[in-house]
Amino acid sequence: AAVRLTNYNSWIARYRLGVTRAVTWRTFDGLTADGVLTAPPAGTAKTRVPLVLYIHGGPTGASTTAYSGFVQVMAAHGWYVFQPNYRGSDNLGLTYARTTVPHITSVPGRDIEAGLAKVLASAPIDAARIGVSGWSEGGLMTSWLIARDTRWRAAVSGAAVNDWVQYDAMSDSKDFAPLFIGRSPWSSAALYNLYEAESPLSYASKVRTPTLIMSDAGDFRVPAPLAYEFYHDIRATGTPVQFVVYPVVGHFPRDPVRVEDIYRRWEAWFVKYLE
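**Student:** Got a minute to help me understand the layout of surface pockets in this structure?
**Tutor:** To find leftover empty space, a probe the size of one water molecule is rolled over the atoms. Roughly 220 Å³ of internal volume is contained in the largest pocket. Taken together, 12 residues form the lining of the largest pocket, with Tyr15, Arg16, Leu17, Gln72 and Ala76 sitting closest to its centre. Its residues assigned to classes, the lining of the largest pocket shows 8 nonpolar, 3 polar and 1 charged. Estimates place the volume of the second largest pocket at around 150 Å³. Looking at the lining of the second largest pocket, the elements that each hand over two or more residues are strand E3 (49-55) and helix H9 (256-274). Broken down by class, the residue content of the lining of the second largest pocket amounts to 7 nonpolar, 5 polar and no charged.

**Student:** Teacher, can you tell me more about the pairing of strand E5 (residues 125-135) here?
**Tutor:** Regular strands place their side chains on alternate faces of the sheet. Where burial is concerned, most of E5 is hidden: 8 out of the 11 residues are buried. Two elements, E3 and E5, share 6 bridges in a ladder whose sense is parallel. From the neighbouring strand, Leu51 faces E5, where its bridge partner is Ile130. Sheet topology note: the E5/strand E6 (residues 154-158) ladder contains 5 bridges and is parallel. Residue pairing across strands places Val132 opposite Ala155, the latter belonging to E6. The parallel pair E5 and E6, bridged by helix H4 (residues 137-148), forms a crossover whose chirality is right-handed.

What counts, and at which threshold
- Residues numbered from 1 in each chain as written.
- Predicted model: local features only at pLDDT ≥ 70, side-chain atom pairs only at ≥ 80, totals over all residues.
- Heavy atoms only, no water.
- 1 Å grid on protein atoms, 1.4 Å probe; cavity = no way out; pocket = protein on both sides within 12 Å on 5 of 7 lines; lining within 4 Å.
- Points joined across faces, edges and corners; volume = space filled by probe spheres on them.
- Nonpolar A, V, L, I, M, F, W, Y, C, P; charged D, E, K, R; others polar.
- Helix = DSSP H or I, 4+ residues; strand = E, 2+ residues; numbered from the N terminus.
- Buried < 20%, exposed > 50% of the residue type's maximum accessible area, 1.4 Å probe, protein only.
- Pairing = 2+ DSSP bridges.
- Right-handed = clockwise from strand over helix to strand, strands pointing away.

If you want it as structure tokens, here you go:
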């Protein structure tokens, strides 16, 4: 019989954790999408509580019911946390992931909105206090959602592809945009228009959500100028916006000091606007 020798995570037993469960819903075109919803720990929830969308990157990634430290931190505030697996996520196979092509932003956006509707119908959530956030593709979807919908109380957009035309020109991932949208935006007027239509920057004038934007100065995957563009355009509308740039190279900081700083700012932004 197996004998347990270690118990390194015994310390977590001292904490009340939010329970995470899977949720499914139907997309606008009849597919089945899924995600996970984490409830506040027992004893912390009020009658109607805030909700935070925590959107994964990729897009070929997926959120599961596995333990997430940051999700539990947010749940400990008495918030629900919804992690949608939008179109492009890889947990339902390659065919499902490819259904995002060529509408890499607008179709996943509709998936997330449909998932949110399902969650709102199944949990005691205050629909007037919903935050939306994510990094990389999650940041893209955050930027898109706040540019297309004004329901959000607050947003955190990290390393977001706010402008697909500029992304195609500056990113080190030269095959990404052509695979998900189409050949170079300069190859035809129709493709240029598609690239523009799928870019949150095209709709920045409609943003009314207080937004925290973050980026690495030396991000070679999603270059920082894409964040600068979105920041300046939101600021021009008079909407509260803050932009934090980390002086490091990479798509997300690697050192523990800056990683902690990102998550503390992320958390504090929602504390400010949701509580």
